[in-house]
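The primary structure of each chain is shown beneath.
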Amino acid sequence: MSKMIFVNLPVADLPASMAFYDALGFENNPHFTDDTAACMVWSESIHVMLLTHDKWRSFTQRPIPPATASEVMLALSLDSREDVDAMNDTAAAQGGTADINPVQDLGFMYNRNLADPDGHVWEAFWMDPSAIPGE
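Keep in mind that this is a model prediction, so the values were computed, not measured.

Cut-offs used in this document
Residues numbered from 1 in each chain as written. Predicted model: local features only at pLDDT ≥ 70, side-chain atom pairs only at ≥ 80, totals over all residues. Heavy atoms only, no water. Core = buried A, V, L, I, M, F, W, Y, C linked by side-chain atoms within 4.5 Å. Buried < 20%, exposed > 50% of the residue type's maximum accessible area, 1.4 Å probe, protein only. Helix = DSSP H or I, 4+ residues; strand = E, 2+ residues; numbered from the N terminus. Domains from an automatic or database assignment. Contact = heavy atoms within 4.5 Å. 1 Å grid on protein atoms, 1.4 Å probe; cavity = no way out; pocket = protein on both sides within 12 Å on 5 of 7 lines; lining within 4 Å. Points joined across faces, edges and corners; volume = space filled by probe spheres on them. Nonpolar A, V, L, I, M, F, W, Y, C, P; charged D, E, K, R; others polar. Axes fitted to C-alpha atoms, helices over the stretch in contact; angles between N-to-C directions. Parallel < 35°, antiparallel > 145°, perpendicular 65-115°, else oblique. Left-handed = near helix turned anticlockwise from the far one by under 90°. Pairing = 2+ DSSP bridges.

(A) Structural context of the nonpolar core. If you look at the biggest cluster of nonpolar residues, it comprises 23 residues, and the most contacted ones within it are Tyr21, Phe26, Leu50 and Trp122. Among the secondary structure elements, those contributing two or more residues to this core are strand 1 (5-11), helix 1 (14-24), strand 3 (37-41), strand 4 (46-52), strand 5 (73-77), helix 3 (81-93), strand 8 (109-115) and strand 9 (121-127). If you tally residues by element for this core, the top one is helix 1, at four residues. Two domains each provide a minimum of three residues to this core, namely domain 1 (1-60) and domain 2 (73-134). Apart from residues no more than four positions distant in its own chain, Trp122 is found in contact with Leu9, Tyr21, Phe26, Val48, Met73, Leu74, Leu76, Arg112, Asn113 and Leu114.

(B) Broad picture of the layout of surface pockets. Put simply, the largest pocket is a space of about 520 Å³. Mapped onto the lining of the largest pocket, the elements with two or more residues apiece are strand 1 and helix 2 (53-57). The dominant element in the lining of the largest pocket, judged by the number of residues it contributes, is strand 1, at four residues. When the residues that make up the lining of the largest pocket are grouped by side-chain class, the tally is 13 nonpolar, six polar and three charged. Lining the lining of the largest pocket are residues from two domains, each supplying at least three of them: domain 1 (1-60) and domain 2 (73-134).

(C) Just unusual backbone geometry, in detail. Residue Asp99 is not a glycine yet carries a positive backbone phi of 50 degrees. Counting through the fold element by element, Asp99 comes out in the loop between strand 6 (97-98) and strand 7 (104-105). The partly exposed category is assigned to Asp99, whose relative accessible area is 31%.

(D) Region of interest: the packing of helix 1 against helix 3. Direction vectors running N to C along helix 1 and helix 3 enclose 160 degrees, while the axes themselves pass 9 Å from each other. Here helix 1 lies roughly antiparallel to helix 3, going by the angle between them. Two packed elements cross with a definite hand, and for helix 1 against helix 3 that hand is right-handed. Contact residues: Phe20, Ala23 and Leu24 in helix 1; Met87, Thr90 and Ala91 in helix 3. Class assignment of the residues belonging to the contact of helix 1 with helix 3 gives a composition of five nonpolar, one polar and no charged.

(E) The arrangement of the pairing of strand 5 in detail. Along strand 5, the buried face is formed by Leu74 and Leu76; none of Met73, Ala75 and Ser77, which line the opposite face, is buried. Of the strand pairs in this sheet, strand 5 and strand 9 are connected by five bridges, and their pairing is parallel. When the bridges of strand 9 are listed, Ala75 appears paired with Glu123.

See the structure below:
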């Protein structure tokens, strides 16, 4: 079996969160989706599990942080600067927040940060490894 990552996120409104991630380009895997959780697929190796608060609490009793907190920033590579801009525009149009941190443009790398409706932070980035400055 190839290595995979499943990022588990507590969400307040499962259908709204599914719609948000669908709009960003994730696809739903119905085999791991019910009324308490949804598996949203970014790639063959990256999956996001959206869990209702009750479902989340079945895994841990640790508190769910408020939407204004940041514990982790998850980064997704995209094919172009335009794709980074489009993801942020889509996030804002779908109930998330675009540009929660300053835009970073290093020439060879470009990124923008967004938050989903529950405040989970994502970094959309594009990088051209051939343009990385040498030492």
